[in-house]
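# A closer look at the structure
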Amino acid sequence: MNILFAVSEALPHVKTGGLADVAGHLPRTLAARGHQVELFLPLYREIRKNRLNLEEVARVEIPMGGEKLEGIVYRPTAGDPGLTSWFIGCDPFFDRPRLYGPPGGEYPDNGARFIFFCRAVLETVRKLGLAIDLYHAHDWQTGLIPVYLKTLYRDLGENSASLFTIHNLAYQGIQGKEIFPLTGLGWEEFTFEKLEYYDRLNLLKGGVVYADLLNTVSPTYSREILEPEFGCGLDPVLRHRADCLYGILNGVDYEEWNPATDPLISHRFKPGRMAGKRRCRETLLNELGLPNDPATPVVGMISRLVEQKGIELVLELLEKSYRFNCYFVILGTGEAKYEQALGDCALKFPDRIAFRPAYDNRLAHRIEAGADLFLMPSRYEPCGLNQMYSLRYGTIPVVRAVGGLNDSIDECEPQHNRGNGFKFIPYEALALAGKLEQALTMFRKKPHLWWKLRRRAMACDFSWSQSAGRYEELYETALKAKKTAAEKP
Ligand code: ADP
């Protein structure tokens, strides 16, 4: 299959969140499985700085309201087999210090930037005559791709299908309707059934309404978003398209996250040879200035500090940390109020809590390796990656049973030799505390059961090849659905 990925961030080029992990690994895995993938990204300043050897391959003119803006299309001089990365250059839009805006904010013209990007991608396909079977767009930034394939670029959409993946429904790219003319679409598209949302332009809704098939990054999240609690205002539209909505759990990169080879951790380990994990634990506690009592379990957390991640619950828990006989090791950046409150807790309980307000990949690896348990009490979680890294490192997740956390973690049932972690349901500190206590008790009092639990956790397989196989099936379904629709009289 010839697959086009249009996405606003992808590893190894740029990353602000989990989207970049997916858009980095899925195309590579699909290429390795014999497909041809065209990956389109904006040419951000950060990508230019990395000094890839890029060659200019085309120039495209995009009408934006009254004026025309030029996009310069680049490609690396040496490509990977099966995978070509394309970069759309437009310095007024993309030569900026950050991808989407200053910390905690947005560039005011983000709508215009990504309208331009979507059109430039399709204009390039048309100009270069690329043969595409499947257009795969991701999140609000590329929500217009499926729209254009059925409107202004219908010629490209005729023999192809589109899949729109929602990585996080909370971010919808909602814009003032005054920028609608920049899309080049007629006002007949600005209706309740299409792109209009409370008299504003909703770019994610475009993808939801127009794509041939939709998916989210876990089966549970694909069901949750049909309900008002998780639907972020779009649940009626999603219910309307529920027949076309699927869920595929993301994979994780086991080359980067492998305790047997990880160069960022102090000692290596694997199932059956776990002495290294004990040493990693010692190193971690030493580095963070915590005492090292081998009988006291270490609870880790690595997270963006935003409401979604359940920081409120963790703070309630930490206020009472003297009641838990464990160490808390927390790494994360985000909202100032959470950084402040976590810092205060660490000051209050210096021999129990270590908090590092930083983005630090090395420390993230060392926490995964050195901790005994890992906390993810999210309010909602489309997929989540850290719980899957934790499993690989024998660090037992304690999670809220939502989204991808619910799909990747099975409740521990020692009597049946089943399960890989602990799950609680109500979004309440008491529920989290009860579950954590249960896990801590098993750690302390039933070491043989803990040992078995850890072995089951480490044997779980969430590799990209599993997920890529499911995406292949979905692409086939999308193409078949498209063909059947075309054959209808
Ligand atoms: P989300 O994409 O919602 O932030 P995920 O769990 O899907 O959550 O992915 C988060 C990714 O970012 C993981 O790879 C995690 O290790 C990493 N990460 C988050 N915060 C930090 C941090 N402060 N330092 C290092 N890595 C972090």
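Structure first, text after, so check above.
Cut-offs applied
- Residues numbered from 1 in each chain as written.
- Predicted model: local features only at pLDDT ≥ 70, side-chain atom pairs only at ≥ 80, totals over all residues.
- Heavy atoms only, no water.
- Phe/Tyr/Trp six-rings, centres within 6.5 Å; stacked < 30°, edge-to-face > 60°.
- Buried < 20%, exposed > 50% of the residue type's maximum accessible area, 1.4 Å probe, protein only.
- Lys NZ or Arg CZ within 6 Å of the ring centre and 35° of its normal.
- Helix = DSSP H or I, 4+ residues; strand = E, 2+ residues; numbered from the N terminus.
- Pairing = 2+ DSSP bridges.
- Axes fitted to C-alpha atoms, helices over the stretch in contact; angles between N-to-C directions.
- Left-handed = near helix turned anticlockwise from the far one by under 90°.
- Contact = heavy atoms within 4.5 Å.
- Nonpolar A, V, L, I, M, F, W, Y, C, P; charged D, E, K, R; others polar.
- Near = heavy atom within 4 Å.
- Polar contact = N/O pair within 3.5 Å; in protein donor to acceptor, adjacent residues only side chain to side chain.
- Areas by Shrake-Rupley, 256 points an atom, 1.4 Å probe, with all protein chains shown as cover.

### Side note on the packing of aromatic side chains
Under the defined criterion, the tally for this structure stands at 20 aromatic pairs. Each ring, one from Trp 187 and one from Phe 190, has its centre 5.4 Å from the other, and the planes form 85 degrees; the classification is edge-to-face. Assessed through its relative accessible area of 47%, Trp 187 is described here as partly exposed. A residue is classified by how much of its surface remains accessible, and Phe 190, at 11% relative accessible area, is buried. Taken together, a centroid distance of 4.9 Å and an interplanar angle of 85 degrees make the contact between Tyr 197 and Tyr 198 edge-to-face. Members of the aromatic cluster, joined through ring pairs, are Tyr 44, Phe 93, Phe 94, Tyr 100, Phe 114, Phe 116, Phe 117 and Trp 140. Here Lys 205 stacks its cationic end above the ring of Phe 192, 5.5 Å away from the centre of that ring.

### Points about the pairing of strand E7 (residues 161-166)
Burial analysis of E7 places six of its six residues in the buried class, which makes it a mostly covered element. Burial along E7 is two-sided: the residues Ala 161, Leu 163 and Thr 165 and Ser 162, Phe 164 and Ile 166 are all buried. Strand direction decides the pairing type here: strand E6 (residues 134-138) and E7, joined by five bridges, are parallel. Across the sheet, the residue bridging to Leu 134 is Ala 161, located in E7. Sheet topology places E7 next to strand E11 (residues 213-216); four bridges connect them, and they run parallel. Across the sheet, the residue bridging to Ile 166 is Thr 216, located in E11.

### What to know about the packing of helix H12 (residues 311-319) against helix H17 (residues 429-445)
Contact geometry for H12 and H17: axes closest at 9 Å, N-to-C directions at 65 degrees. Read as a crossing pair, H12 and H17 show a hand that is right-handed. Residue-level contacts link Leu 313, Val 314, Glu 316 and Leu 317 of H12 to Ala 429, Leu 432, Ala 433 and Leu 436 of H17. Of the residues contributing to the contact of H12 with H17, the split by class is seven nonpolar, no polar and one charged.

### Some details on the site of the ligand
Near the ligand, the surroundings consist of 17 residues, among which Arg 304, Lys 309, Ala 358, Asp 360 and Leu 385 are the closest. Note that an oxygen atom of the ligand is positioned 2.7 Å from one of the side-chain N or O atoms of Arg 304. In the model, an oxygen atom of the ligand is placed 3.2 Å from a nitrogen or oxygen of the Asn 386 side chain. In isolation the ligand exposes 560 Å². Once the protein is present, 92% of that is buried. Secondary-structure elements contributing two or more residues to the shell around the ligand are strand E13 (298-305), strand E14 (327-334), helix H14 (361-370) and helix H15 (386-392). In terms of residue count, the dominant contributor to the shell around the ligand is E13 (three residues). Per-class residue counts for the shell around the ligand are seven nonpolar, six polar and four charged.

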